[in-house]
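Structure assessment
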Amino acid sequence: MELVGFYLRYARRYLHWGLLALAGIVVFGVATLAFIGLIHPMFEEVLLATEDEIQEVSIPGLAAGDGEEDDGPVARLFEPIESYAASLKAAAGDLYDDLKRWAGIEGRGEVFFAPALIVLVLLLRSLMAFLSGYSFQRAGLGVTTDIRNDLYRHIIHQSSRFHQRYTSGELYSRVVSDVSKLQNAVAARLFDIFMSVAMLLFYGATLLTIHFTLAVVSLFAVPLFAFLLARFGKGMRNVTYRSQERMADLSGLLAEGIRGNRVVKAFGMEEFECGRFERATRGHLLANLRAQFLSTLSSPVIESTAAVGGSALVVSAGLMIRDGRLTFPDFVQFLVVLLMMYDPIRKLNKVNLVLQEAVACSHRIHRLMQVESEIVDRPTVPPVSGLKEGVRFEEVSFDYEETGHGKAVLSGIDLDLRRGEVVALVGPSGAGKSTLVNLLPRFFDPGSGDVRIDGTDIRDLPLANLRSLIGIVTQETVLFNDTVRNNIAYGRDDLPLEKVRMAAAAAYADDFIMAMPDGYDTVIGEGGQNLSGGQRQRLAIARALLKNAPILILDEATSHLDTESEVVVQRAIYNLMEGRTALVIAHRLSTVVRADRIAVLDRGVLVEEGTHEQLLELGGAYKRLYDLQFHG
């Protein structure tokens, strides 16, 4: 029921399309019944065949009085229902006669009337099939598109802890592969479900009207069909879930192999990675083969069951015709309806298998969307426009376990950043430097303690407002497969080129950008792969300059650069830090000498704090790091 509520939330937006589709199905069903009802006039008026003539041709030697003996208690039990069915048939016949009188049809004109009606009915039927089919697809595609958009929105707004728990390949599989299967089921197959069920109801009612006893015999197999569909569907749902899990593994390996192709080549691990991928594809293949086994097996089983039921029907019909309880035109009409029922039953079998795939994918999607972000945006104070006093970390502790009982990465950190001050964070790898700066833009929230801006807990500020106050340049420069201009402006199409160029010039990037084939309109490739490391870093600095945030975070911004590039980037960083409150992480101590203060972290604890000279004189952890870098 929870899954039904999940879909209803989206389906309400397309209720008008759904109602239009259902109306089309009803008219389609009525037109189909009209077509069936015209079979008798085709025999009697167009082909001039009477029931007696047909009986004489079909069953030679059957006397007119045959079959008049008592039909037994079972037949008498059905007499009221058959009497009501006969009255419905008579009413339909009267309606047909009224139409003939209204159209003024008589004599030889009867030859054309029934065929003309059949053509009109079939045209109406085709039009309604198109209308209802398109309406269902419009609603289904709209629903699944909205789900995909909301799923991506949900993922993109999650905390960093969420993205550490779920791999990019798994998330890609949910957004692309799972929603695609869901889209195929909802947009293409949902119509088949409603149409098939509606037509089976129409056909079933028609069979009961034509001949109740024979209809009961024919519909006796319906529970068996339902049981078989349920069994195959359950198996398909389980197999699809495993298949999609294997697809997530494939997506993860593919993303890793492509993203890390240089490392793969450098270590000569191409065949190793191919082996990992082949093992994953083998698992996916086995899951898919199981699904195909069930899918392929279902049709023969259903058809074999139908064949047994059909044989029983023919035997029953033969006995009834010989007993005079069934006429040949009625049997032909009955048989036409029964054959028409085969198509919706066949579709329901196929749709059931696709639907079970969609249900498995739906559970995966729904579970992911149920994961609540730990970063809750519930502002209690109005937005702030800038930094007046500074930033303060008060007794901040943090660990990566959601329970709070893991190994502490930070423990009792007290640190002040006064407005306009540059504070450098140094310490060995794993000391907690990056974790500390990630708390400021609320990529994570501290387990205990507070981070405050101008005395206000950052959790009380609107999240968008908080992050608008912070510019970030990291060692892993993130650029997009877009133009240079759009990478610097990033989402701000309204900015004139002059402002973009000013930011680039301050980052010492304007010269190399203008030397590109299309200047600022040059597409830089995925991740900026067409640029050098220093050029990518300068574009990131230009982007931060253009944002013009009062607080700046520099996380190992020059750690991956050669000496020449580092000099240029360092000059750009000095321009970026001017007039801003900056928190700088650097392993190279030469880059933090000019900081106003240096804070030394070791195993998540703030152990020293002071200027470069003060910490050297202190002779503690900073002095050991300095001697290790500069004196071997």
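One can find the structure itself at the top, above this paragraph.
Residue positions are counted from 1 within each chain, in the order its sequence is given. In keeping with the model being predicted, local features are shown solely for residues with a pLDDT of at least 70 and side-chain atom pairs are shown and tallied solely at 80 or more, while totals for entire chains, interfaces and linings include all residues. For the side-chain quantities, the full set of heavy atoms in the structure was used; hydrogens and water were omitted.

Before going further, it helps to examine the overall build of the chain. We count a stretch as a helix when DSSP gives it H or I for four or more residues in a row; a strand needs E for two or more, and each element gets its number in order from the N terminus. Each helix and strand counted, the chain has 22 helices and ten strands in total. Relative to its full complement of 632 residues, the chain shows a buried share of 44%. Whether two residues are in contact is decided by their heavy atoms, any of which lying within 4.5 Å being enough. Pairs at least 24 apart in sequence give 79% of the contacts found in the chain among residues at least 6 apart. Using a 1.4 Å probe, the Shrake-Rupley method yields the accessible areas, and only the shown protein chains count as cover for residues. Of the roughly 33,300 Å² of accessible surface on the chain, a fraction of 59% belongs to carbon and sulfur atoms. Buried residues are those whose accessible area, probed at 1.4 Å on protein chains only, stays under 20% of the maximum for their type, while exposed residues exceed 50% and partly exposed ones sit between those limits.

A helix is expected to span 1.5 Å multiplied by its residue count minus one. The terminal C-alpha atoms of helix 19 (residues 533–547) lie 21 Å apart, and with 15 residues this matches the ideal 21 Å at 1.5 Å per residue to within 8%. Summarising burial for helix 19: twelve of the 15 residues are buried, a large majority. Turning to helix 19, its buried residues are Gly-534, Gln-535, Gln-537, Arg-538, Leu-539, Ala-540, Ile-541, Ala-542, Arg-543, Ala-544, Leu-545 and Leu-546. Asn-548 occupies a position one or two residues after helix 19 and carries a positive phi of about 60°.

This part is about the packing of helix 17 (residues 497–506) against helix 19. The axes used here are C-alpha line fits, helices contributing only the stretch in contact, and every angle between their N-to-C directions lies in the interval 0 to 180 degrees. Between helix 17 and helix 19, the least distance of the axes is 8 Å, while the angle of their chain directions is 125°. By the angle between their axes, helix 17 is oblique relative to helix 19. The hand of the helix 17/helix 19 crossing is right-handed. In this structure, helix 17 uses Lys-499, Val-500, Ala-503, Ala-504 and Ala-506 to contact helix 19, whose residues at the interface are Ala-542, Leu-545 and Leu-546. Under the convention adopted here, Pro, Cys and the residues Ala, Val, Leu, Ile, Met, Phe, Trp and Tyr are nonpolar, Asp, Glu, Lys and Arg are charged, and Gly plus all remaining residues are polar. Its residues placed into classes, the contact of helix 17 with helix 19 shows seven nonpolar, no polar and one charged. By definition in this entry, angles of less than 35 degrees are roughly parallel, angles greater than 145 are roughly antiparallel, angles of 65 to 115 are roughly perpendicular, and the rest are oblique. Should the near helix be turned anticlockwise from the far one by less than a right angle, the crossing is left-handed, and should it be turned clockwise, the crossing is right-handed.

Let us look at the sheet that holds strand 10 (residues 605–610). Here a strand pair is declared whenever DSSP counts at least two bridges between the two strands. Across the sheet, six strands lie side by side as 6-7-8-3-9-10; this open sheet has mixed pairing. A single partner strand is all that each edge strand has here, and the edge strands are strand 6 (470–474) and strand 10. Averaged over all neighbouring strand pairs, the angle between strand axes comes to 15°, with direction disregarded. Summarising the sheet, strand 7 (residues 551–555) and strand 8 (residues 581–585) pair through five bridges and their orientation is parallel. The residue bridging Asp-555 from the neighbouring strand is Ile-585, located in strand 8.

Within this document, salt bridges are pairs made up of a side-chain nitrogen of Lys or Arg and a carboxyl oxygen of Asp or Glu, the two lying within 4 Å of each other. Evaluation of the coordinates by the stated rule reveals 18 salt bridges. Asp-178 is the partner of Arg-364 in a salt bridge, and the nearest nitrogen-oxygen pair spans 2.6 Å. Of this pair, Arg-364 sits in helix 13 (residues 328–370) while Asp-178 is found in helix 8 (residues 168–210), placing the two residues 186 residues apart along the sequence. Per residue, the accessibility class of Arg-364 equals that of Asp-178, and both read buried. The partner of Arg-459 in a salt bridge is Asp-457, and the shortest N-O contact between them spans 3.2 Å. Connected through shared salt-bridge partners, Arg-392, Glu-394, Asp-414, Asp-416, Asp-450, Arg-452, Asp-457 and Arg-459 make up one network.

Before going further, it helps to spend a moment on the pairing of strand 8. Within a regular strand, side chains alternate between the sheet's two faces. Most of strand 8 is tucked away, with five of its five residues classed as buried. Burial along strand 8 is two-sided: Thr-581, Leu-583 and Ile-585 and Ala-582 and Val-584, pointing in opposite directions, are all buried. The sheet contact formed by strand 3 (residues 422–426) and strand 8 spans four bridges and is parallel. When the sheet's bridge partners are listed, Val-423 is paired in strand 8 with Leu-583.

Side-chain atoms within 4.5 Å are what join buried Ala, Val, Leu, Ile, Met, Phe, Trp, Tyr and Cys residues into a set we call a nonpolar core. Membership of the largest hydrophobic core comes to 46 residues, with the highest contact counts inside it found for Ile-488, Ile-513, Leu-539, Ile-541 and Ile-598. The element contributing the most residues to this core is helix 19, with seven residues. Sequence-distant contacts of Ile-598, defined by excluding residues within four places in its chain, comprise Ala-424, Val-426, Val-592, Glu-608, Glu-609, Gly-610, Thr-611, His-612, Leu-615 and Tyr-622. One finds Leu-387, Phe-398, Leu-410 and Val-437 within the second-largest nonpolar core, a separate group that totals 33 residues.

Along its 23 residues, helix 2 (residues 15–37) runs 33 Å from first to last C-alpha, staying within 8% of the 33 Å computed at 1.5 Å per residue. Among all positions in helix 2, only Gly-18, Ala-21, Gly-24, Ile-25, Phe-28, Gly-29, Ala-31, Thr-32 and Ile-36 are buried.

Here we take up a nonpolar patch on the surface. Only residues whose relative accessible area exceeds 30% and that take part in no salt bridge are eligible for patches, with like-charged residues grouped when within 9 Å of each other and nonpolar side chains (Val, Leu, Ile, Met, Phe, Trp, Tyr) grouped when within 5 Å. A cluster of nonpolar side chains, Val-27, Leu-124, Leu-127, Phe-130 and Tyr-134, forms an exposed patch at the surface whose accessible area comes to about 480 Å². Element by element, the count of residues in the nonpolar patch is highest for helix 6 (residues 110–156), at four residues. By the secondary structure assignment, Leu-127 is in helix 6.

Note that Leu-625 resides in helix 22 (residues 621–630). Measuring from C-alpha to C-alpha, the distance between Leu-625 and Val-600 comes to 9.9 Å, with 25 residues separating the pair along the chain.

What follows concerns the packing of aromatic side chains. The criterion for an aromatic pair is that two Phe, Tyr or Trp rings (for Trp, the six-membered ring) have centres within 6.5 Å, with stacked assigned to planes under 30 degrees apart, edge-to-face to planes over 60 apart and tilted to the rest. A full pass over the atoms with the stated rule returns nine aromatic pairs. Between Phe-6 and Tyr-10, the aromatic rings sit 5.5 Å apart at their centres with planes inclined by 75°, giving edge-to-face as the arrangement. With Phe-6 and Tyr-10 both in helix 1 (residues 2–11), this residue pair falls four residues apart, about one helical turn. A single burial state applies to Phe-6 and to Tyr-10, both of which are buried.

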